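Chain by chain, the residues:
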Amino acid sequence: MVDRSLTRPGRRAKSWPRVGLLIGQIGLIGLISLWSAVAMAEPLVIEARPVALYPEEPERRRMGGLVFLGGLELTSPDHHFGGLSGLSIDPDGSRMLAISDRGAWVGARLIHDSEGRLVGIGAAEIIPLGDSQGDYLHGRMGDAEDIADLANGGYAVSFERRHRVAVYPGDPFMPGNNRGVVLRSPEALIDAPDNKGIEALVEIAPGRLLAVTEGMVASDSPGDVRLRGWLISENEAPAALSYAVTGPLRPTALAKIPGGDLLVLERSFSLIAGLRVRLLRLDAASVAPGATLRPVEIANFGGAPTVDNFEGLAVRRDAQGRLLVYMVSDDNFKGFQRTLLMQFELVY
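Our subject in this report is the structure included herewith. (Residues numbered from 1 in each chain as written. Predicted model: local features only at pLDDT ≥ 70, side-chain atom pairs only at ≥ 80, totals over all residues. Heavy atoms only, no water.)

## What to know about the overall build of the chain
Line of reasoning, step 1. Of regular secondary structure, the chain possesses one helix and 24 strands.
Line of reasoning, step 2. Going through the 348 residues of the chain one by one, you find that 54% of them count as buried.
Line of reasoning, step 3. Excluding contacts between residues fewer than 6 apart, the proportion of contacts in the chain whose partners are at least 24 apart in sequence is 55%.
Line of reasoning, step 4. Accessible surface for the chain amounts to roughly 15,200 Å². Of this, 52% is attributable to carbon and sulfur atoms. (Helix = DSSP H or I, 4+ residues; strand = E, 2+ residues; numbered from the N terminus. Buried < 20%, exposed > 50% of the residue type's maximum accessible area, 1.4 Å probe, protein only. Contact = heavy atoms within 4.5 Å. Areas by Shrake-Rupley, 256 points an atom, 1.4 Å probe, with all protein chains shown as cover.)

What follows is the structure in structure tokens.
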């Protein structure tokens, strides 16, 4: 079922070109041309610098059930670039699609070497996220947090602040696809903390999404802290479940492994403990209405020097049959953080 309450037309974010201010300065023909230019994706310059998981020990690649294959630090002179919170990788590894928590789609070609290791970034582009009419989202409406690949070729995106899940019919850089139709939200989601709504999202079966919040507590008894989550679909009412957490780490992304099980990315940050990141596996058979999800740790990034605020997660199987895991970090548009795109092989 579609929720029409949040599908009002949006405006461009203030940092994107504002045509209205130029009406008195250019003629009608110029105005139409400028609107067309603004509505299209813009080329994006991304510079990629290779990084090692352990810079002082470049041959050290194993971390729990992961083997490090390649990593890049991404930078751009474009001030719209950054804040990457969700990630999708094409099945052949040729392209990534990411979302920014300031309301932008980022698409870029990926370069792998002859051994399938991530080594660079090719042509890239950027465009603001659209609402159901294709108008650009702005401000609080544009805080996108995770992206889920859909079996029908589209994408589902979770948003915070104005909490919701929207579905896009296909590649948002193609005409007509940058239109997000909002799904019926769980009633309890309206009470989610401003910045702790649905942080992790994945399609577990065609038309059925698993959504887990970052900070909506369902149970907080000693030794049993659980977060709220739901199964969401277009034709059914949302069904509640919960997600068990350990310590301060909270889920930031979900991805489906070929075969059905799920990977969960968790992270936490404090001034005392610093940044902590880990990857877990969740049995698909355990995902059901009313269930408490309890994933099992695969890898812990504690002690790895090349780590940042990882929030995006994607999985694909390559031609050699390897399960490849990609992670991207949200730099929060802060100079002391980095946008890292890392590639691993999942070996358990």
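Don't stop here, the text continues.
## Concerning the sheet that holds strand 21 (residues 296-300)
Line of reasoning, step 1. The strand order 17-18-19-21 describes an open sheet built from four strands, whose pairing is antiparallel. In the strand order of this sheet, the two ends are held by strand 17 (250-256) and strand 21, each with one partner. Ignoring which end each strand starts from, the neighbouring axes of this sheet average 25° apart.
Line of reasoning, step 2. The sheet contact formed by strand 17 and strand 18 (residues 262-270) spans six bridges and is antiparallel. The residue bridging L254 from the neighbouring strand is V264, located in strand 18. (Pairing = 2+ DSSP bridges. Axes fitted to C-alpha atoms, helices over the stretch in contact; angles between N-to-C directions.)

## Description of unusual backbone geometry
Keep in mind that most residues, glycine aside, have a negative phi and that most peptide bonds are trans.
Line of reasoning, step 1. One non-glycine residue, N332, lies in positive phi territory at about 55°.
Line of reasoning, step 2. Within the secondary structure layout, N332 lies in the loop between strand 23 (323-329) and strand 24 (339-346).
Line of reasoning, step 3. A positive phi angle is found at Y348, which is not glycine, with a value near 60°.
Line of reasoning, step 4. Along the chain, Y348 falls in the segment after strand 24.

## Digging into the sheet that holds strand 13 (residues 198-205)
Line of reasoning, step 1. An order of 13-14-15-16-20 is seen for the five strands of this open sheet, with the pairing classed as mixed. A strand with exactly one partner marks an edge of an open sheet, and here the two such strands are strand 13 and strand 20 (292-293).
Line of reasoning, step 2. Here six bridges tie strand 13 to strand 14 (residues 208-221), and the two strands are oriented antiparallel to one another. Directly across from L201, in strand 14, lies its bridge partner A211.

## Here's the deal with the layout of surface pockets
Rolled over the atoms, a probe sized like a water molecule indicates the empty space that remains.
Line of reasoning, step 1. Looking at the largest pocket, its volume works out to about 780 Å³.
Line of reasoning, step 2. Lining the largest pocket are 36 residues, and of these D101, N195, N309, D330 and N332 lie nearest its centre. (1 Å grid on protein atoms, 1.4 Å probe; cavity = no way out; pocket = protein on both sides within 12 Å on 5 of 7 lines; lining within 4 Å. Points joined across faces, edges and corners; volume = space filled by probe spheres on them.)

## Considerations on the side chain of R95
Line of reasoning, step 1. Along the chain, the position of R95 falls in strand 6 (residues 95-100).
Line of reasoning, step 2. For R95, a relative accessible area of 8% puts it in the buried group.
Line of reasoning, step 3. A polar contact of 3.5 Å, which involves the side chain of R95, links it to the side chain of D171. (Polar contact = N/O pair within 3.5 Å; in protein donor to acceptor, adjacent residues only side chain to side chain.)

## Description of the environment of A192
Line of reasoning, step 1. Inspection of the secondary structure assignment puts A192 in the loop between strand 12 (181-182) and strand 13.
Line of reasoning, step 2. Judged by its relative accessible area of 9%, A192 falls in the buried class.
Line of reasoning, step 3. A sequence separation of 22 residues divides A192 from E214, and the C-alpha atoms of the two residues are 9.4 Å apart.
Line of reasoning, step 4. Those residues in contact with A192, other than ones at most four positions away along the chain, are H163, G197 and M216.

## Quick notes on the packing of aromatic side chains
Line of reasoning, step 1. Counted under the stated rule, the structure contains five aromatic pairs.
Line of reasoning, step 2. Ring geometry for F68 and F344: centres 5.6 Å apart, planes at 65°, overall edge-to-face. With F68 in strand 4 (residues 66-75) and F344 in strand 24, the pair connects residues that are 276 residues apart, well separated along the chain.
Line of reasoning, step 3. Geometrically, the ring pair formed by F301 and F344 is edge-to-face, given 5.6 Å between the ring centres and 90° between the ring planes. Of this pair, F301 sits in the loop between strand 21 and strand 22 (310-317) while F344 is found in strand 24, placing the two residues 43 residues apart along the sequence. Both residues of the pair, F301 and F344, belong to the buried class. (Phe/Tyr/Trp six-rings, centres within 6.5 Å; stacked < 30°, edge-to-face > 60°.)

## Side note on the pairing of strand 11 (residues 164-168)
Line of reasoning, step 1. Within strand 11, four of the five residues are buried, leaving the element largely enclosed by the surrounding structure.
Line of reasoning, step 2. Pairing analysis gives five bridges linking strand 10 (residues 155-159) to strand 11, with the strands arranged antiparallel. Its bridge partner lying in strand 11, Y155 is registered against Y168.
Line of reasoning, step 3. Linking strand 10 to strand 11, which pair antiparallel, is a turn of four residues; within it R161 sits at a positive phi near 70°.
Line of reasoning, step 4. Here two bridges tie strand 11 to strand 12, and the two strands are oriented antiparallel to one another. Counterpart to V167 in the pairing with strand 12 is V181.

## A few points about the side chain of D78
Line of reasoning, step 1. Mapped onto the fold, D78 is located in the loop between strand 4 and strand 5 (84-89).
Line of reasoning, step 2. Of the side chains with opposite charge, R102 lies nearest to the buried D78, which makes no salt bridge, at 10 Å.
Line of reasoning, step 3. Other than its neighbours up to four places away in sequence, D78 contacts L44 and I126. (Lys, Arg positive; Asp, Glu negative; His and termini not counted. Salt bridge = Lys/Arg side-chain N within 4 Å of Asp/Glu carboxyl O.)

## Looking at the pattern of salt bridges
Line of reasoning, step 1. Across all of its chains, the model carries 16 salt bridges by this definition.
Line of reasoning, step 2. Notably, a salt bridge pairs E214 with R267, separated by 3.0 Å at the nearest N-O pair. Highlighted residues: E214 in strand 14 and R267 in strand 18, separated in sequence by 53 residues. Side by side, E214 and R267 carry an identical accessibility label, which is buried.

So, to be careful, I would describe these as geometric facts and stop short of saying anything about function.
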